[in-house]
Amino acid sequence: MATTCFVQGNEACSLAAMYAGLDFFAGYPITPSTEIAETLSARLPEAGKKFIQMEDEIASMCAIIGASLTGSKVMTATSGPGFSLMQESLGYAVMAEIPCVIANVQRGGPSTGNPTHVSQGDVNQARWGTHGDHSIVTLTASNHQDVFNMTVEAFNIAETYRTPVILLFDEIVGHMREKLVIPEPGEIELVERLRTSVREGVNYHPYLPREDGRLPMSDFGGVHRYNVTGLYHDMWGFPTDKGELVDGLIHHLVKKIDYAADAIAHHVPYYLDDARTMLISYGSSARSALSVVEQLRRRGERIGLLELQTLWPFPVQLVRDYARDKEYVGVVEMNMGQLINSVKLAVDNPRRVYLINRVDGRLITDKDIKQTLRVIAGQGV
Amino acid sequence: MSKKKLKDHLINRDWCKGCGICVAMCPKDVLVLDGDEKAMASHPEKCIACRQCEKMCPDLAIEVITEDAHGKEE
Amino acid sequence: MAVKEYIRERFFPHMWCPGCGHGIVLNGLVRAVEELAINKNELVIVSGIGCSSRISGYVDFHSLHTVHGRALAFATGVKLSKPKLNVIVPMGDGDALSIGGNHFIHAARRNINITALVMNNRTYGMTGGQYSPMSGVGVKATTAPYSTIDNAFDCVELARAAGASFVARTTVYHVNQLSELIKKAIVHDGFSVVEIFSQCPTYFGRKNKQGGAVDMLKIFKEKTVLIGSDKKKDNPALMERGIFVEKELPEYCKAYDEVIARARKA
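Below, the structure is looked at part by part.

Rules and cut-offs
Residues numbered from 1 in each chain as written. Chains lettered and ligands numbered in written order. Predicted model: local features only at pLDDT ≥ 70, side-chain atom pairs only at ≥ 80, totals over all residues. Heavy atoms only, no water. Helix = DSSP H or I, 4+ residues; strand = E, 2+ residues; numbered from the N terminus. Polar contact = N/O pair within 3.5 Å; in protein donor to acceptor, adjacent residues only side chain to side chain. Contact = heavy atoms within 4.5 Å. Buried area = accessible area lost by both parts, 1.4 Å probe. Salt bridge = Lys/Arg side-chain N within 4 Å of Asp/Glu carboxyl O. Nonpolar A, V, L, I, M, F, W, Y, C, P; charged D, E, K, R; others polar. Pairing = 2+ DSSP bridges. Buried < 20%, exposed > 50% of the residue type's maximum accessible area, 1.4 Å probe, protein only. Right-handed = clockwise from strand over helix to strand, strands pointing away.

Tracing the backbone shows A:Thr196 in the loop between β8 (177-182) and β9 (227-229). Reaching out from A:Thr196, the side chain makes a polar contact with the backbone nitrogen of A:Val198 at a distance of 3.0 Å.

Have a look at this one:
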């Protein structure tokens, strides 16, 4: 029988990681993500698995990459300042195609900002925080059941596509307590990484993608000794500066994620079938947006909500399709307008896309949203 | 254990960068740099098979082949 | 040469300059590994960025060439995740002790069974000869045209103070000691550090008028002595070579097994 519990979002994330088969966690204390490390420091050793508190977030990110190469499912968790420190090695994980999961429980920023208050200011950092051309996967959730599901999905995507996956939660989702039903083992399908079938003594090409773009891995400690580098590399993993190889590598790194965009475009539509107004939101602000939609629906207004759970790669086609017949679109987020830029690029009429935001460290409320909707509709404040 | 005797210096000319470390460090002046700035054994008869050149070569370009008293290569 | 079994011959000649000491470290490392007859499938080399770090591409082990300064953090993940692997981490002095200084002391503090080789040539060679935390005072570098005012670390004392359970120093002139110390460091069950003075004739040697590779090797010979030598009493400026620390302390991965045991009992 599935277990029902009453937990913080951070605990839900930790329990999901265990469910997904997490083998190795490295982290550094930082509010508001610390409960993930605390929970896993108890759970992992119970399961005979590894937890280590590193000297900083840089080292945490590096350690999980090293562990992943030995065949472990790995994760770290942090918040804004720590996420900034992880960016270089996050890029390494992109380049070397290392499966790993990074939870960023967002707090206020820039800089130290406010550790105990909410923000969604890291959306674009998740996309472009590390240098160089790349694609990345970023998932989020607004409630604990979805935190659980998206965390398991993060591991599945990381192992399927050999990529870092960012779980972009926020302080409210992380610290709020609500009901969670932990599914039975097997209820959610788990993806194990594709391992090479190449036998010992036969040439193994660690960086030669199959036709479907996937790269079968060989664990460090196994029979294939190969090179892993953050430099441009050839199919053996050795550094190269040959133009055609570099071109192929960059295209591969970007396309393997972008081509998967539709397949991993997780979202929840609310009341969108006949809606004339569409709100788009994610994370804790989507809870307020849903509340507004339900209140206005009771008054007969044709408004709906598209809650996005996959932020990157941005689900362009999905947003474009849902926005097509809408009079206007309100993007509800707790930042100065980050995801809205991608929404504007996706839709036919970007001038009908409006920002509904709040950036004072408090949860955006139904009142805040309704007030902005009145302004947009020309009904005054 | 019988004393090792030199059989040959295997010098990989493709790997040798001509730094001259082997020439300077050889206690018996066995090695020189040739006209192409590559190490060569000009006096192999003086070699005492101490392997200093082999161990100090930054290019891993030198191998000292020895044989025992019965002519068995090692 | 038996050592050829441990290198990736197709990448030779290597990319280091003529006379670079790092090639001698590579030479000593493969001889050490060969003499220990370690199964190559159980050997992982993890390096960062710099001339020294390119060593990982030349050996036929599992090789992980990472980002600048963080090799020990990556290596910690490899080792803790799969403790049966032998993990060797060659680093330059800037890589290990400047950008990677924090990881260096914390790896030492944990006493995790990793072998750290600090290839100290007192300069950043890859970027063209800037001064490093090991250059010391009065050194010319491309970023110190008026000579340096920064003190150097003492790598041995730093490693000792941070908790490393095996700490040694040698130079690339002393090739027999070099491979012997690397062997002992690999076999040692705990965090082991071998500082290896290595010459950079291209930048450090030229900028500081030390001559070529051979001249620089002679300096290593003249300016160092074995630990406990009487010569040190006469000339305190001489740097000692040998094993400074060798003690049995709880190793991190083994200690972690006890954490698992406690967690399961609870």
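Don't stop here, the text continues.
A few words on the interface of chain A and chain C. At the interface, 41 residues of chain A touch 40 residues of chain C. Buried surface at the junction of chain A and chain C, summed over both partners, amounts to about 3300 Å²; 57% is from carbon and sulfur atoms. One can count 2 salt bridges joining chain A with chain C. On the surface where chain A and chain C come into contact, there are 24 residue pairs in polar contact (both at pLDDT 80 or more). For the side of chain A that touches chain C, the element with the highest residue contribution is helix α3 (residues 57-69) of chain A, accounting for 8 residues. Tallied by class, the residues present in the side of chain A that touches chain C amount to 20 nonpolar, 12 polar and 9 charged. Where β9(A) lies against strand β2 (residues 62-65) of chain C, 3 bridges are found, and the strand directions are parallel. Within β2(C), the residue paired with A:Thr229 across the bridge is C:His65.

Below, the discussion takes up the pairing of strand β7 (residues 166-171) of chain C. Residue and element names in this part refer to chain C. Across the 6 residues that make up β7, a large majority, 6, are buried. Neither face of β7 is open: one carries Phe166, Ala168 and Thr170, the other Val167, Arg169 and Thr171, and all of them are buried. For β7 and strand β8 (residues 192-197), the ladder comprises 6 bridges, and the chain directions are parallel. By the bridge assignment, Ala168 is partnered in β8 with Val194. For the crossover from β7 across helix α7 (residues 175-187) to β8, the handedness is right-handed. In terms of strand pairing, β7 meets strand β10 (residues 239-246) through 4 bridges, oriented antiparallel. Looking at β10, one finds that Ala168 is bridged to Ile243.

With that settled, consider the arrangement of the chains. Of all 2 pairs of chains in contact, the one with the most contacts involves chains A and C. Across the gap from chain A to chain B, with no contact made, the nearest C-alpha atoms are 19 Å apart.

The partner chain C presents 27 residues to the 18 residues of chain B that form the contact. Interface area lost by chain B to chain C is led by B:Trp15, B:Lys55 and B:Leu60, which between them contribute 35%. Our enumeration of links across chain B and chain C arrives at 0 salt bridges. In this assembly, chain B and chain C are joined by 8 residue pairs in polar contact (both at pLDDT 80 or more). Within the residue set of the side of chain B that touches chain C, elements represented by two or more residues are α1 (21-25), α2 (52-56) and β4 (62-67) of chain B. Looking at the side of chain B that touches chain C element by element, the count peaks at 4 residues for α2(B). The residue inventory of the side of chain B that touches chain C, partitioned by class, reads 10 nonpolar, 2 polar and 6 charged.

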